[in-house]
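Results of the structural survey
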Amino acid sequence: MNILISSTSGEPIYAQIAGQVRQLILQGELVSGTPLPSIRQLAKDLQISVITTKRAYEELEREGLINSVVGKGSFVSGADQEFIREQRLRIMEGKLKEIIDESRLLGMEYTELAEMLKLLYEEEKE
């Protein structure tokens, strides 16, 4: 498992870890039952605090993507892809609500926001 941490990103380190592990699970690169590095080992490999890796694993566990067994470690859960997809959609909805709130504060109309989203979506496809 190759996790890259950016110190220049505005995203907290635990969120970067959780996001990358989440992506590996959603893409099927980490399948059900796959053991994850221990919290201590991952912290050592990334040269970060154990507390940071623990927080990332706790977030993934709350989302139902991993299971932690005391004395055994953490493993990719047996959650089916539909469950995982629903979890991701719920997270995405929260982010979209934040964007909508921000656009309203800026006085943007729905059509302007929709056009911005369309442009960004098309730009990412290229």
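Structure: above.
A brief look at the structure comes next. Given the structure is predicted, the values throughout are model-derived calculations rather than measurements.

Each pair of packed helices gets described by two things: the angle between the helix axes and the distance between those axes. Running from N to C, helix α1 (residues 13–26) and helix α4 (residues 81–105) point in directions that differ by 140°, and their axes come no closer than 11 Å. Taken together, the axes of α1 and α4 are oblique relative to one another. In the crossing of α1 with α4, the sense of the turn from one axis to the other is left-handed. Two secondary-structure elements touch here, α1 through Arg-22, Ile-25 and Leu-26 and α4 through Gln-81, Ile-84, Arg-88 and Ile-91. Its residues assigned to classes, the contact of α1 with α4 comprises four nonpolar, one polar and two charged.

This part takes up the packing of aromatic side chains. Applying the stated criterion across every chain, the model contains zero aromatic pairs. Here Arg-55 stacks its cationic end above the ring of Tyr-14, 3.8 Å away from the centre of that ring.

Relative to the elements of secondary structure, Ser-103 occurs in helix α4. For Ser-103, a relative accessible area of 5% translates into the label buried. Here the alpha-carbon distance between Ser-103 and Leu-113, two residues ten residues apart in the chain, equals 7.1 Å. Apart from residues no more than four positions distant in its own chain, Ser-103 is found in contact with Met-108 and Leu-113.

For the largest pocket, the calculated volume is near 300 Å³. The wall of the largest pocket is formed by 13 residues, among which Ile-99, Ile-100, Leu-113, Ala-114 and Leu-117 lie closest to the centre. Elements with a contribution of two residues or more to the lining of the largest pocket: α4 and α5 (110–125). When residues of the lining of the largest pocket are assigned to their parent elements, the largest contribution, six residues, is made by α5. Among the residues making up the lining of the largest pocket, the classes are represented as ten nonpolar, one polar and two charged.

Turning our attention to α5. In a regular helix each residue adds 1.5 Å, so 16 residues correspond to 22 Å; α5 covers 23 Å between its end C-alpha atoms and thus fits that length. Burial runs low along α5: only one of the 16 residues are buried.

So, about the packing of α1 against helix α3 (residues 50–62). At their nearest, the axes of α1 and α3 sit 8 Å apart, and the two run at 45° to each other. By the angle between their axes, α1 is oblique relative to α3. The crossing of α1 and α3 is right-handed. Along the contact surface, α1 presents Ile-13, Tyr-14, Ile-17, Ala-18, Val-21 and Arg-22, while α3 presents Thr-52, Thr-53, Arg-55, Ala-56, Glu-59 and Leu-60. By residue class, the composition of the contact of α1 with α3 is seven nonpolar, two polar and three charged.

Thresholds applied
- Going along each chain's sequence as written, the residues are numbered from 1 onward.
- Only residues with pLDDT of at least 70 get local features here, since the model is predicted, and only at 80 or more are side-chain atom pairs given and counted; chain-wide, interface and lining totals rely on the full set of residues.
- The side-chain numbers reported here are obtained from all heavy atoms of the structure, hydrogens and water having been left aside.
- Only the contacting stretch of a helix is used when fitting its axis, a line to C-alpha atoms as for every element, and angles between N-to-C directions run 0 to 180 degrees.
- In this text, helices come from DSSP runs of H or I with a minimum length of four residues, and strands from runs of E with a minimum of two, each type numbered from the N-terminal end.
- These descriptions rest on fixed angle ranges, namely under 35 degrees for roughly parallel, over 145 for roughly antiparallel, 65 to 115 for roughly perpendicular, and the rest for oblique.
- The hand of a helix crossing depends on one turn: near helix anticlockwise from the far one by less than a right angle means left-handed, and clockwise means right-handed.
- In this description, contact between two residues means that some pair of their heavy atoms is separated by no more than 4.5 Å.
- Charged means Asp, Glu, Lys or Arg here, nonpolar means Ala, Val, Leu, Ile, Met, Phe, Trp, Tyr, Cys or Pro, and polar covers whatever is left, Gly included.
- Only rings of Phe, Tyr and Trp enter the pairing, Trp through its six-membered ring, and a pair is recorded when the two centres are within 6.5 Å. The plane angle decides the type: under 30 degrees is stacked, over 60 is edge-to-face, the rest tilted.
- Only when the NZ atom of a Lys or the CZ atom of an Arg is both within 6 Å of the ring centre and within 35 degrees of the ring normal do we say a charge sits over the ring.
- Each residue gets one of three labels from its accessible area relative to the maximum for its type: buried under 20%, exposed over 50%, partly exposed in between, using a 1.4 Å probe on protein chains only.
- Here a cavity is any set of points on a 1 Å grid over the protein atoms alone where a 1.4 Å probe fits but cannot get out, and a pocket is any open set with protein on both sides within 12 Å along at least 5 of 7 lines; a residue lines the site when it has an atom within 4 Å of a point.
- Grid points are joined across faces, edges and corners, and a volume is the space filled by probe spheres set on the points.
- Helix span, expected: 1.5 Å multiplied by one less than the number of residues in the helix.

Purely spatial values, then, with no claim about function.
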